[in-house]
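Secondary and tertiary structure notes
What follows is each chain in one-letter form.
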Amino acid sequence: MNFAAAIEFLKNFETTKVMAYIQAMDLKTVMEHPYFLAGVGVTAIIAFLMRWRLLLVIVMTITGFIYLLSYTLSQGTSLEGGMPTDALMVLVGGGSFIVFLAIYLLFIRSE
């Protein structure tokens, strides 16, 4: 691999190309992709085994919120009737649970 090929490869990572790729990405497709799931799983296992509690909580929290948001958006939320739908209640309850779990794991629980 010569220098010109390396420069050509790095041009794929220009900010405009990366931002266009991120905007074209679909959250549901990313969450179901096996490489993403394997990466999150490996990261969580390594963080658990190495006792990196902060990394483990961050991975679990972000993944939980992504799954919660994708579930809520797939169910459809609406406040048209004045009463919140079941999907909105799942979003509020699940979000509260994830936040309280993260606070517990980071600040309250000790070794």
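Everything that follows concerns the structure shown earlier in this document.
Residues numbered from 1 in each chain as written. Predicted model: local features only at pLDDT ≥ 70, side-chain atom pairs only at ≥ 80, totals over all residues. Heavy atoms only, no water.

Side note on the overall build of the protein
Basically, it comes down to this: Note on conventions: DSSP H or I runs of at least 4 residues are helices, E runs of at least 2 residues are strands, and numbering of each starts at the N terminus. Two things to know: the radius of gyration comes from C-alpha atoms, and the globule rule equals 2.2 Å times the number of residues to the power 0.38. Contact criterion: two residues are considered in contact whenever any of their non-hydrogen atoms come within 4.5 Å of each other.
Within the protein, the secondary structure is distributed over 6 helices and 0 strands. The linear arrangement of helices and strands in the protein, starting from the amino end, is α-α-α-α-α-α. Against the compact-globule benchmark of 13 Å for 111 residues, the protein has a radius of gyration of 19 Å, which places it well outside the compact range. By principal-axis analysis of the C-alpha atoms, the protein measures approximately 60 × 45 × 20 Å. Put simply, 50% of the contacts in the protein that link residues at least 6 apart link residues at least 24 apart.

Notes on helix α5 (residues 53-75)
Our working rule: A helix is expected to span 1.5 Å for every residue after the first. Note on classification: 1.4 Å probe, protein chains only; a residue is buried when its accessible area is under 20% of the maximum for its type, exposed when over 50%, partly exposed between these limits.
The terminal C-alpha atoms of α5, which comprises 23 residues, lie 33 Å apart, in line with the 33 Å expected from a rise of 1.5 Å per residue. Those residues of α5 lying buried are L56, V57, V59, T61, T63, L68, S70 and T72. Looking one or two residues beyond α5, the residue adopting positive phi is G76, at roughly 85 degrees.

Observations regarding the side chain of T61
For clarity, the cut-off: We call two N or O atoms a polar contact when they sit within 3.5 Å, provided that within protein one can donate a hydrogen and the other can accept it, with sequence-adjacent residues counted only if both atoms are side-chain atoms.
Tracing the sequence through the fold places T61 in helix α5. Within the structure, the side chain of T61 is placed 2.6 Å from the backbone oxygen of V57, a separation counted as a polar contact. Excluding residues that lie within four positions of it along the chain, T61 makes contacts with I98 and A102.

Observations concerning the environment of I66
Inspection of the secondary structure assignment puts I66 in helix α5. Between the alpha carbons of I66 and M31 there is a distance of 8.0 Å; along the sequence they are 35 residues apart. Residue contacts for I66: discarding those within four places in its chain leaves L27 and M31.

As for helix α6 (residues 86-108)
End to end, α6 covers 31 Å across 23 residues, agreeing with the expected 33 Å (1.5 Å per residue, within 8%). Of the residues making up α6, those classed as buried are A87, G94, G95, I98, A102 and L105. Packing partners of the buried residues in α6 comprise α5.

The values reported here are purely geometric and, on their own, carry no functional implication.
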